[in-house]
Amino acid sequence: MDAAHFRHVVGHLASGVTVITTDAGDLRYGMTASSVTSLSADPPMMLACLNNAVPTAEAVTASGRYAVNVLGDGQGELARQFASPSPDKFRGVAVHPGTLGLPLLSDALAHIECEVVERVTGGTHTIFLGHVRSATAGNGQPLTYFRGGFGRFAFAKDDEVYGRARELVLSRAYPADTALPLEDLAARLEVDDAAAFYALTRLSSDGLVRRDADRGYVIAPLDVRTSDETFDARLAVELGVLALALDHVTDDEVAELNRRFDTMAALLVGERFVDFHGYLDANYAMHEYLVSLAGNPLLTNTFGRLGIKNVMTRSFGVTPETSQKFVEAQGRLVHGVATRNPDAARRGAVEYCELAKERVREILTSNGGRI
Ligand SMILES: Cc1cc2nc3c(=O)[nH]c(=O)nc-3n(C[C@H](O)[C@H](O)[C@H](O)COP(=O)(O)O)c2cc1C
């Protein structure tokens, strides 16, 4: 098994992040480690897998004890500091002695001090089995690690609450530009304030609500400017992708793009959406695939953050009536890609963008200028 491939695959196993600390002689040692697990409850035991080449591993062997400092949300910098070799890993870090006298990172989410009872060799690493001598935990959210990046933990329940809050806003349960107090949202969704706050934070990054200095969270109105900017941004990304990718797009990629186009086209029958949300998902899946042809994850990610689906749901979702012109313009875009004809593809993309902007303008006009 190729090591890079293994690292990529195993990066999908999300974990918490800790700093393992110990002392040996007069020196303090610390290193970031995610291969740390609770092992048994009775007796209470932990294990930590440390690379033999790292000074901290040698120090744990020498001292026979280690502390697990569980990092909290927002301590990514600290994790980086303890993952880089340095003569003074602890610079600028608040530390206090634990029950065993080990250096504990004062701002960590939890501390667990262990005495090593057994060492097992596994490849380049040693597994240090530790008997837990003291354990304390504070309040807060943990730092997480997934596919090489730090992130946050979210309860599935919070995601579900966010989904319901999003539905409320998209279904226009609150008029545009009205305040959306935290307590109101919490009461309406029958959840606690923390879950409602999480939902508001996510809605804010979706652009569906915004923070107003005087009124708190406010339903962000969808107006012509927002719609034009969103569709123009999508066009700019797609034109860039066509310039970057059209030369080397493969037949398999064209087949997949066509397949996605057909799925979408089947959901717009005559001049009506047969399944609006299905159409929206299929439309997004096709355009996202087109963007992915540039092979640049940053670009695909940027495309995802444009909030296209939000704008489309809030505008096109108002009425089942639409037009085959949308499918035809996108058909010309896809055909241009399939025939490696950049002018035709570009014309299709521009035409589709103009049609979308015009249609949103009509819908907004018949709804008093904004939604
Ligand atoms: C998120 C993260 C998790 C890590 N987990 C481990 C681990 O479980 N075991 C390990 O030996 N190294 C792990 N490392 C790498 C060490 O932190 C890194 O090799 C560190 O530089 C070792 O300390 P040193 O500076 O004393 O050599 C991890 C690094 C990061 C960023």
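Residues numbered from 1 in each chain as written. Predicted model: local features only at pLDDT ≥ 70, side-chain atom pairs only at ≥ 80, totals over all residues. Heavy atoms only, no water.

In the nomenclature of an unreviewed UniProt entry, the protein corresponds to Flavin reductase from the organism Paractinoplanes lichenicola. Per UniProt, the protein has the following entry under Sequence similarities (unreviewed entry): "Belongs to the non-flavoprotein flavin reductase family." (UniProt positions renumbered as here; feature names shortened; annotations may be inferred.)

**Q** What is the right way to look at the sheet that holds strand β12 (residues 149–152) in this model?
**A** Across a sheet, paired strands are connected by hydrogen bonds in the backbone, their directions being either parallel or antiparallel. With antiparallel pairing, the three strands of this open sheet are ordered in space as β1-β11-β12. The sheet terminates laterally at β1 (15–16) and β12, the two strands that pair on one side only. (Pairing = 2+ DSSP bridges. Helix = DSSP H or I, 4+ residues; strand = E, 2+ residues; numbered from the N terminus.)

**Q** Looking at this structure, I do not really get the site of the ligand. What am I missing?
**A** Near the ligand lie 19 residues; those nearest to it are Thr32, Ser35, Asn51, Ala83 and Lys89. With respect to the ligand, the backbone of Cys49 contributes an N or O atom lying 2.9 Å from a nitrogen atom. One nitrogen or oxygen atom from the main chain of Asn51 is found 2.8 Å from an oxygen atom belonging to the ligand. Coverage of the ligand by the protein chains reaches 80% of its 640 Å² of free accessible surface. Of all the elements in the fold, those that place two or more residues in the shell around the ligand are β3 (27–33), β5 (44–51) and α2 (55–63). (Near = heavy atom within 4 Å. Polar contact = N/O pair within 3.5 Å; in protein donor to acceptor, adjacent residues only side chain to side chain. Areas by Shrake-Rupley, 256 points an atom, 1.4 Å probe, with all protein chains shown as cover.)

**Q** Which parts of the structure should I look at to understand a nonpolar patch on the surface?
**A** A surface patch of nonpolar side chains, amounting to about 490 Å² of accessible area, comprises Met1, Phe6, Val10 and Leu13. Along the polypeptide, Leu13 turns up in the loop between α1 (3–10) and β1. Using a relative accessible area of 65% as the deciding quantity, one classes Leu13 as exposed. (Patch = residues over 30% accessible without salt bridge, like charges linked within 9 Å, V, L, I, M, F, W, Y side chains within 5 Å. Salt bridge = Lys/Arg side-chain N within 4 Å of Asp/Glu carboxyl O. Buried < 20%, exposed > 50% of the residue type's maximum accessible area, 1.4 Å probe, protein only.)

**Q** I tried to follow helix α4 (residues 156–170) on my own but got confused; where do I start?
**A** Three- or four-residue spacings in an α-helix give side chains the same orientation, since the helix completes a turn every 3.6 residues. Relative to the 21 Å expected for 15 residues at 1.5 Å per residue, α4 spans 21 Å between its end C-alpha atoms, a close match to the ideal helical length. If you follow the buried residues of α4, they end up packed against α5 (182–189), α6 (193–206), β14 (216–219) and α11 (308–315). Two residues or fewer after α4 comes Arg172, characterised by a positive phi angle close to 60°. (Expected span 1.5 Å × (residues − 1). Contact = heavy atoms within 4.5 Å.)

**Q** Could you clarify how one ought to interpret the UniProt feature "domain: HTH gntR-type" (unreviewed entry) in the protein in this entry?
**A** Mapped onto the present numbering, the UniProt feature "domain: HTH gntR-type" (unreviewed entry) falls at residues 155–222. Spanning residues 155–222, this segment combines 54% helix with 12% strand, and its end C-alpha atoms are found 30 Å apart.

**Q** Help me understand the domain arrangement of the protein in this model?
**A** Much of the literature gives interface size as the accessible area that the parts lose upon coming together. When cut into domains, the protein gives domain 1 (3–149), domain 2 (154–219) and domain 3 (224–365). Computed from C-alpha coordinates alone, the two centres of domain 1 and domain 2 are separated by 37 Å. (Domains from an automatic or database assignment.)

**Q** What am I meant to see in the pattern of salt bridges here?
**A** Two side chains that carry opposite charge are able to pair once their charged atoms sit near each other. Taken as a whole, this structure holds 24 salt bridges when the rule is applied. One salt bridge in this structure joins Lys357 and Asp232, with 2.8 Å as the shortest N-O distance. Within this pair, whereas Lys357 is found in helix α13 (residues 342–365), its partner Asp232 is found in helix α7 (residues 224–245), the two being separated by 125 residues in sequence. A relative accessible area of 9% means that Lys357 is categorised as buried. Relative accessible area serves as the criterion here: at 32%, Asp232 is assigned to the partly exposed category. For Arg359, the salt bridge is made with Glu362, and the minimal N-O distance between the two is 2.8 Å. Here Arg359 pairs with Glu362, and both are found in helix α13, just three residues apart, close to one helical turn. Note on Glu362: relative accessible area 43%, which makes it partly exposed. Look at the salt bridges and you will find they share partners, linking Asp177, Arg210, Asp212, Arg215 and Arg370 into a network.

**Q** Is there a simple way to think about the sheet that holds strand β6 (residues 65–70) in this case?
**A** Ordered in space as β3-β2-β6-β9-β10-β5-β4, the seven strands form an open sheet in which the pairing is antiparallel. One side of each edge strand has no neighbouring strand; the edge strands of this open sheet are β3 and β4 (36–41). Adjacent strand axes in the sheet meet at a mean angle of 30° when their direction is disregarded. Sheet topology note: the strand β2 (residues 18–24)/β6 ladder contains four bridges and is antiparallel. Residue Thr21 lies in a different strand from β6, and its bridge partner there is Ala67. (Axes fitted to C-alpha atoms, helices over the stretch in contact; angles between N-to-C directions.)

**Q** Got a minute to help me understand the packing of aromatic side chains in this structure?
**A** The relative placement of two aromatic rings is captured by the distance of their centres and the angle of their planes. For the structure shown, the criterion picks out nine aromatic pairs. Taking the centre distance of 5.1 Å and the plane angle of 70° together, the rings of Phe273 and Phe276 count as edge-to-face. Under the relative-accessibility criterion, Phe273 is labelled buried at 10%. Classification of Phe276 by relative accessible area gives buried; the value is 15%. (Phe/Tyr/Trp six-rings, centres within 6.5 Å; stacked < 30°, edge-to-face > 60°.)

**Q** Explain the nonpolar core here, please?
**A** The nonpolar side chains of soluble globular proteins are, as a tendency, buried together. If you look at the biggest cluster of nonpolar residues, it comprises 48 residues, and the most contacted ones within it are Phe231, Tyr279, Met312, Phe316 and Val337. For this core, the elements supplying multiple residues, two or more each, are α7, α8 (251–265), α9 (276–292), α11, α12 (324–338) and α13. If sequence neighbours within four positions are ignored, Val337 has contacts with Leu242, Leu246, Val249, Val254, Leu257, Leu290 and Ala345. With 21 residues, the next largest nonpolar core counts Leu168, Val169, Leu203 and Tyr217 among its residues. (Core = buried A, V, L, I, M, F, W, Y, C linked by side-chain atoms within 4.5 Å.)

**Q** Please clarify how the packing of α9 against α12 should be interpreted in this entry.
**A** Viewed as axis vectors pointing N to C, α9 and α12 meet at an angle of 25°, and their least axial separation amounts to 12 Å. When the interaxial angle is binned, α9 and α12 end up roughly parallel. Judged by the twist between their axes, the crossing of α9 over α12 is left-handed. Judged by residue contacts, Tyr279, Asn283, Met286, His287 and Leu290 of α9 engage Phe326, Gln330, Leu333, Val334 and Val337 from α12. Residue composition of the contact of α9 with α12, by class: seven nonpolar, three polar and no charged. (Parallel < 35°, antiparallel > 145°, perpendicular 65-115°, else oblique. Left-handed = near helix turned anticlockwise from the far one by under 90°. Nonpolar A, V, L, I, M, F, W, Y, C, P; charged D, E, K, R; others polar.)

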